[in-house]
Amino acid sequence: MKLSSRCLIFALLALSAILSSPRANATDVGRKEEAVASIEKRKAEMIKLSDQIWAFAETALREHKSSEALSRYAEQQGFKVERGVAGMPTSFIATYGQGRPVIGVLGEFDALPGISQKTSPAKEPLEAGAPGHGCGHNLFGVASLGAAIAVKELIAAGKLKGTIRFYGTPAEESVYGKVYMTRDGLFKDLDVCLAWHPASETRADVDSTQALVDFIVEFKGRTAHAALDPWNGRSAADGAEAFTHGVNLLREHVRPTVRIHYVVVKSGDVPNVVPEYAKVWCWARDSKRAGVEPVLQRLREIADGAGRIAGVESKFTIQSGCYEILVNLTGAKLLQQNLEWLGPIKYAEQEQEFARAIQRATGTEQKGLNGEIKPLKEPKPDPPGGSTDVGDVSWVVPTLHLSVTTAPESAWHAWPVVACGGMSIGHKGMIHAAKTLAATMVDLFEDAKTREAIQAEFKEKTKGFVYKPYISDGPPPLPKE
Ligand SMILES: [Zn+2]
């Protein structure tokens, strides 16, 4: 067939356009654009769902309405939902598609006690003493589910092949629901898992988190009249006091990365009765699980010694704990490419003013909101403070972790985060997180080479590793309603 010269020029132009089109990797950018468009189309529904969960503000293992709202939405979108996994009534797994690859995305939805707040830039509880979403988990769950739905639509249209799985993971703030789900093997057949977290900046995470152990020490003594015959009593409160004193002496002799914090939960009722029972609740953390172990051994010995000092029985019980996050740098690079592809989050002047008002009220520098994409940095040897049960997941399956701006820099786990999570600042971060996760998942489905590189890094870093969770058999203790 003879082409006219005009046709030939057109053909050459089209060919050069294809060859020079921006491609982050082996993925068809058009599919990512479809995923982003799907989230954009569902934006109003996602915001409504997130605001509902924000208003429910249910704490660990009490998230019945929040879990139901998310799982019902997943079902309406055609996912197969399995509720109550790993012995937790508020956990669920929503699955769509079949065969490999199997890509998972985590979604949290629990609130924190006592930090109820209106969507206002000044401290103003919605209901005094009630819980609030001070860690932005109302946004976390919805963004991850929104991303899973966008991927599901591409699978349904025959444009992607494999399985997408959304994990409804309860009780991140205490109890650590994901540890139970990991122990029960619910993540082990995933090729790759993704998670994000609300934050005051937007970045692909290359820093780990702290490993943690959560335990209680109970002391049992003998009661007596505190003035009439104290020599007949053995004070459990003395045991608790000796223990906390011992903990504070230990602080000088641990590595600088170790953190130990405790509260005395119970220490008698009135001064004129020698207390029979006392209880201290304690957490110890370090950059790595290996660093937590020797500290835990010292704490056991201190508890034992404290019981001897006070002449009472001591009982040491590990309640829970989590590993540090195992960072996957290949995965972080992929997240970074997608963050950069989407560009920064843009804010209106009223949103910046709202953020600065929060910063004025909390004595933070008035920098406003930062929606810029942070460049990928070198991982630090020791992470900043904080722990998450995503850590346990990351040791059994390669896990990619992202932070997205949903609040300005100010106090976290506090009213400013609750305020922003119920209005446009939080909503924008949530939608941005959903789009980044969805675009990255499209890559993971389509680009076997990148997926294999992520898995190879994971295999190398987990050579010889045996997973040992800090929990005992059976489900977690459920709260008494
Ligand atoms: Zn959180």
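Please refer to the structure higher up on the page.
What you are looking at is a predicted structure, and each value in this text was computed from that prediction instead of being measured.

### Thoughts on the side chain of Glu173
Part 1 of the argument: Checked against the element boundaries, Glu173 lands in the loop between strand 4 (163-168) and helix 6 (177-183).
Part 2 of the argument: It is Arg285 that comes nearest to the buried, bridge-free Glu173 among opposite-charge side chains, at 8.9 Å.
Part 3 of the argument: Reaching out from Glu173, the side chain makes a polar contact with the side chain of His413 at a distance of 3.4 Å.
Part 4 of the argument: Discounting residues that sit within four places of it in the chain, Glu173 has contacts with Asp110, Ala111, Leu112, Cys135, His137, Trp283 and His413.

### So, the sheet that holds strand 2 (residues 92-97)
Part 1 of the argument: A sheet is described by the order of its strands in space; here seven strands give the open sequence 1-2-4-3-5-11-6, paired in mixed fashion. Only two strands of the sheet have a single partner each, and these edge strands are strand 1 (80-83) and strand 6 (203-204).
Part 2 of the argument: Lying over the sheet, helix 5 (residues 137-156) contacts strand 2, strand 3 (102-107), strand 4 and strand 5 (192-199), oriented at roughly 165 degrees with respect to strand 4.

### As for the coordination of the zinc ion
Part 1 of the argument: The coordination sphere of the zinc ion contains the protein donors Cys135 (SG), His137 (NE2) and His197 (NE2), at a distance range of 2.1 to 2.3 Å.
Part 2 of the argument: Spacing between the donor residues of the zinc ion along the chain follows C-x1-H-x59-H. Here the residue Cys135 occupies a position in the loop between strand 3 and helix 5, and His197 occupies one in strand 5, the gap between them amounting to 62 residues.

### Regarding the sheet that holds strand 9 (residues 277-286)
Part 1 of the argument: The sheet built from four strands is open, its strands ordered 8-9-7-10 with antiparallel pairing. Of all the strands in the sheet, just strand 8 (259-267) and strand 10 (313-322) have a single pairing partner and so form its edges. When the angles between neighbouring strand axes are averaged without regard to direction, this sheet yields 15 degrees.
Part 2 of the argument: Alignment of strand 7 (residues 211-220) against strand 10, held across nine bridges, turns out to be antiparallel. Following the sheet pairing, Phe219 is matched in strand 10 by Ser314.
Part 3 of the argument: Where helix 8 (residues 289-310) meets the sheet, it contacts strand 7, strand 8, strand 9 and strand 10, and its direction lies at approximately 10 degrees from that of strand 7.

Calculation rules
Residues numbered from 1 in each chain as written. Predicted model: local features only at pLDDT ≥ 70, side-chain atom pairs only at ≥ 80, totals over all residues. Heavy atoms only, no water. Helix = DSSP H or I, 4+ residues; strand = E, 2+ residues; numbered from the N terminus. Buried < 20%, exposed > 50% of the residue type's maximum accessible area, 1.4 Å probe, protein only. Lys, Arg positive; Asp, Glu negative; His and termini not counted. Salt bridge = Lys/Arg side-chain N within 4 Å of Asp/Glu carboxyl O. Polar contact = N/O pair within 3.5 Å; in protein donor to acceptor, adjacent residues only side chain to side chain. Contact = heavy atoms within 4.5 Å. Pairing = 2+ DSSP bridges. Axes fitted to C-alpha atoms, helices over the stretch in contact; angles between N-to-C directions. Donors = N, O, S within 2.8 Å, 3.2 Å for Na, K, Ca; no water.

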